[in-house]
Amino acid sequence: MKSQQKCIMIFALVCCFAVLMALIFSAVDIWGEDEDGITEDNCSKDCRVVLVENIPDDISFLDNGTSHLPLSAGLYNLLDRAKRVVEIVSPLWFLNSSDYESSFQPAARQGRALLSRLQGLKAKGIQLKISSGMIDSTELGMLAKHNAEVHYVNMTALTKGHLLSSFWVVDRKHFYIGSASMDWRSLATRKELGVLVYDCSCLALDLHRVFSLYWGLQYKDFIPSFWSKRLFALYNRDEPLEFTLNSTKAQAYISSSPDVFIPKDRSNDLDAISRVIKEAQHFIYISIIDYLPLLSRNAHRYWSRIDSLIREALILRKVRVRLLISCWEKTNPLTFNFVWSLRSLCMEQANCSLEAKFFNPRVQRDGSLQGINHNRFMVTDRAIYLGNLDWVGNEFTFNAGAGLVISQPEGIEERNSTVVEQLRAAFERDWFSRYTRSLQSNKIPVCNKHQIDRLVPGKTNHLDNGPMPIRTGQHDNGPAPIRHNHKDDGPGKTKHHDDRPSKISSQGQDNGLVPIIDGYQERGRVKMSHPDNRQVQIKGNPMEAPSQSAESSGSREIFNGSL
């Protein structure tokens, strides 16, 4: 009897061990495909980088202004180089513009052209693989019919956030990463910036692993407790890739967000941003859509991660900081309070310099607002960071994004040829352009639609008579679900997600900029309580701050496509 029980126990243990080994090996081997024989030992480290931009037709810089390869030309070039597989992640898939939009913005046809090129990959025997958080994109359906493999990631179930990463990987050899979505606006009306990296299989393979992570999450409504070894990062902020970039020594690595999507050895975006800021010695230039150090869930808490780093750089290291923030319909009014708080640090400090400007949308002849500075990057005297997320607390907690850090060592003689210097020149071109306005103590730019509507002739301007109303998000307990406006038009009507540009008064707009309004000091102020609880109190405004998870530009972009 005892020997029988012993045999049963041994058999049970053997079965448990077999199940455990099966789970381990399935986690290691199922996720991630063959990487074409590319390894850390034989991958290419002699790379070339090119900045790519989309500059809308109605934005003009000085004749001697910095210019780079057009975004559409850069993406076409990647497709021309493809031989086996093209992997794409994008938060939006709206490449088909309507006939009206194409007539109103001729450059909108670029989206259709790119879609046609993607459809043509099948005839060339090139595999197209797409990871997306959108479940009802017409374009993705069309591409699937042309032999594209599309995997959908249910971010709502996984993190209550959105898939906001935007990058391409071609043959595990070349890649693009930047601010642009697969949306005709990114090729027409939005100001976008990114990089193309050629013949760089070391970095491309690492970015491919981020893609593979998304790829493996299809049909899953839970986050695995451990990740495949094929998803582990090859490089990170402590052990970056040392390679040659444009014939110059450099270091680089890929970062990602959120933390629950990060396998072993991968640096998260916040750690990457932190390292770049901390290592800056002379200047930090930041171009971002939204800057708001708040977490908005059950309480509106001060989010100090990036804000504190900037303060330390200003006060302790005397690093010059410039903030270039987009001024658009969804700009949160509290942004101005936080930026002014940063500026006030330097009022009585020697060798302390923080400057802030807002990049305004352009005003068309018909009085409509058009476009936005969609860039998301930081450049210092030593490094660049290109990312997919806005600098808002909940963005990094819930949403999936990817970033690229490239740093150049000291002592380089030909610095003008480095990507650091090129990105610095692009920032300074924007900074000194006629499309920016400085934040002044008694004036703020008009950014959101509510303000603009109240400036229409025939309406009373109450903007200086009290605090500006602040929108309240509907989902303070987490990011709002994705909404698609085309369903709002009723049967038989399809409303494109543009929502048409808002009308404003043409008075005082001869310079092509949105008006400036007075009364900053009369608006709601933010008071920081003791650092231990970091609660934010909003005075002078009876309404709460919005849920930033629902208000972040990436999520808003998916909600209503108003960019």
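Rules behind the numbers
- Residues numbered from 1 in each chain as written.
- Predicted model: local features only at pLDDT ≥ 70, side-chain atom pairs only at ≥ 80, totals over all residues.
- Heavy atoms only, no water.
- pLDDT = per-residue confidence, 0-100.
- Contact = heavy atoms within 4.5 Å.
- Disulfide = S-S within 2.5 Å.
- Buried < 20%, exposed > 50% of the residue type's maximum accessible area, 1.4 Å probe, protein only.
- Phe/Tyr/Trp six-rings, centres within 6.5 Å; stacked < 30°, edge-to-face > 60°.
- Lys NZ or Arg CZ within 6 Å of the ring centre and 35° of its normal.
- Helix = DSSP H or I, 4+ residues; strand = E, 2+ residues; numbered from the N terminus.
- Pairing = 2+ DSSP bridges.
- Core = buried A, V, L, I, M, F, W, Y, C linked by side-chain atoms within 4.5 Å.
- Salt bridge = Lys/Arg side-chain N within 4 Å of Asp/Glu carboxyl O.

Colleague: In this structure, what is going on with the confidence of the model for the chain? I would like to understand it.
Modeller: Do not read the fine detail of predicted coordinates wherever pLDDT is low. Summing up the model confidence of the chain, the mean pLDDT is 77 and the portion of residues at 70 or higher is 67%. In this model residues 22-33 is a low-confidence stretch, pLDDT under 50, and it forms 26 contacts with partners more than four residues away in sequence or in other chains. Across residues 559-563, confidence stays below pLDDT 50; counting only partners more than four residues off in sequence or on other chains, it has 28 contacts.

Colleague: Got a minute to help me understand the state of the cysteines in this structure?
Modeller: Covalent bonding between the sulfur atoms of two cysteines defines a disulfide. Using the criterion set out here, one finds three disulfides in the structure. The disulfide partner of Cys 346 is Cys 352, and the gap between their sulfur atoms is 1.9 Å. In this structure the cystine formed by Cys 346 and Cys 352 twists about its S-S bond by roughly -45°; its chirality is therefore left-handed. Judged by its relative accessible area of 13%, Cys 346 is buried. Given the relative accessible area of 13%, Cys 352 is considered buried.

Colleague: Explain the packing of aromatic side chains to me, please; I cannot follow it from the model alone.
Modeller: To describe a pair of aromatic rings, one takes the distance between the centres and the angle between the planes. Scanning the entire structure with this criterion turns up twelve aromatic pairs. Ring plane angle 35° and centroid distance 4.5 Å describe the contact between Phe 283 and Tyr 285, whose orientation is recorded as tilted. For the residue pair Phe 283 and Tyr 285, the accessibility class agrees, reading buried in each case. Taken together, the ring pairs connect Phe 283, Tyr 285, Phe 377, Phe 427 and Trp 431 into an aromatic cluster. A cation over an aromatic ring shows up here: Arg 81 above the ring of Tyr 198, its NZ or CZ 4.2 Å from the ring centre.

Colleague: Would you mind showing me how to read unusual backbone geometry here?
Modeller: Excluding glycine, a negative phi dihedral is what most residues carry, and trans is how most peptide bonds are arranged. With omega at -10°, the peptide bond leading from Ser 257 into Pro 258 counts as cis. Counting through the fold element by element, Pro 258 comes out in the loop between strand 12 (248-257) and strand 13 (267-268). Of note in this structure, Asn 147 is not a glycine but carries a positive phi near 80°. Tracing the backbone shows Asn 147 in the loop between helix 5 (138-145) and strand 6 (149-152). Judged by relative accessible area, which is 55%, Asn 147 ranks as exposed. Backbone geometry at Asn 351 places phi at a positive 55°, although glycine is not the residue there.

Colleague: Just to check I follow, could you spell out the pairing of strand 14 (residues 283-288) for this structure?
Modeller: The two faces of the sheet receive side chains in turn, since in a regular strand these alternate between them. Burial analysis of strand 14 places six of its six residues in the buried class, the great majority of the element. Residue alternation in strand 14 divides its side chains into two sets, Phe 283, Tyr 285 and Ser 287 and Ile 284, Ile 286 and Ile 288, and both sets are buried. Here strand 14 pairs with strand 18 (residues 320-326) via six bridges, running parallel. Across the sheet, residue Ile 286 finds its bridge partner in strand 18, namely Leu 323. When strand 14 meets strand 22 (residues 377-380), the two strands line up antiparallel, connected through four bridges.

Colleague: I'm lost on the nonpolar core in this one. Help?
Modeller: Soluble globular proteins: nonpolar side chains tend toward being buried together. Phe 167, Tyr 214 and Ile 306 are the most contacted members of the largest nonpolar core, which totals 104 residues. With ten residues, the single largest contributor to this core is helix 7 (residues 201-216). Within the second largest apolar cluster, 34 residues are counted, among which are Val 52, Leu 75, Val 86 and Ile 126.

Colleague: Would you take a moment to explain the pairing of strand 3 (residues 85-89) for this structure?
Modeller: In terms of burial, strand 3 is largely enclosed, as five of its five residues are buried. Here strand 3 shows two buried faces, one formed by Val 85, Glu 87 and Val 89 and the other by Val 86 and Ile 88. Here strand 3 runs beside strand 5 (residues 127-132); their pairing, made up of five bridges, is parallel. Opposite Val 89, over in strand 5, you have Ser 131 as the bridge partner. In this structure, strand 3 lies alongside strand 7 (residues 167-170), joined through four bridges in antiparallel fashion. For Glu 87, the partnering residue across the bridge sits in strand 7 and is Val 169.

Colleague: Explain the pattern of salt bridges here, please?
Modeller: Charged atoms that come close allow side chains of opposite charge to pair. One pass over the full model with this rule turns up 16 salt bridges. Arg 266 is paired through a salt bridge with Asp 206; the nearest N and O atoms lie 3.0 Å apart. One end of the pair, Arg 266, is in the loop between strand 12 and strand 13; the other, Asp 206, is in helix 7, with 60 residues separating them in the sequence. Across the pair, exposure class does not vary: Arg 266 and Asp 206 are buried alike. The salt bridge partner of Arg 311 is Asp 307, with a shortest N-O separation of 2.9 Å. One end of the pair, Arg 311, and the other, Asp 307, are both in helix 9 (residues 305-315), four residues apart, so they sit about a helical turn from each other. Classification of Asp 307 by relative accessible area gives buried; the value is 1%.

Colleague: Got a minute to help me understand the environment of Tyr 214 in this structure?
Modeller: With respect to the secondary-structure elements, Tyr 214 resides in helix 7. Since its relative accessible area comes to 1%, Tyr 214 is described here as buried. Look past the residues within four positions of Tyr 214 in its chain and what remains in contact with it is Val 89, Ser 131, Val 153, Leu 163, Ser 165, Phe 167, Phe 261, Ala 400 and Gly 401.

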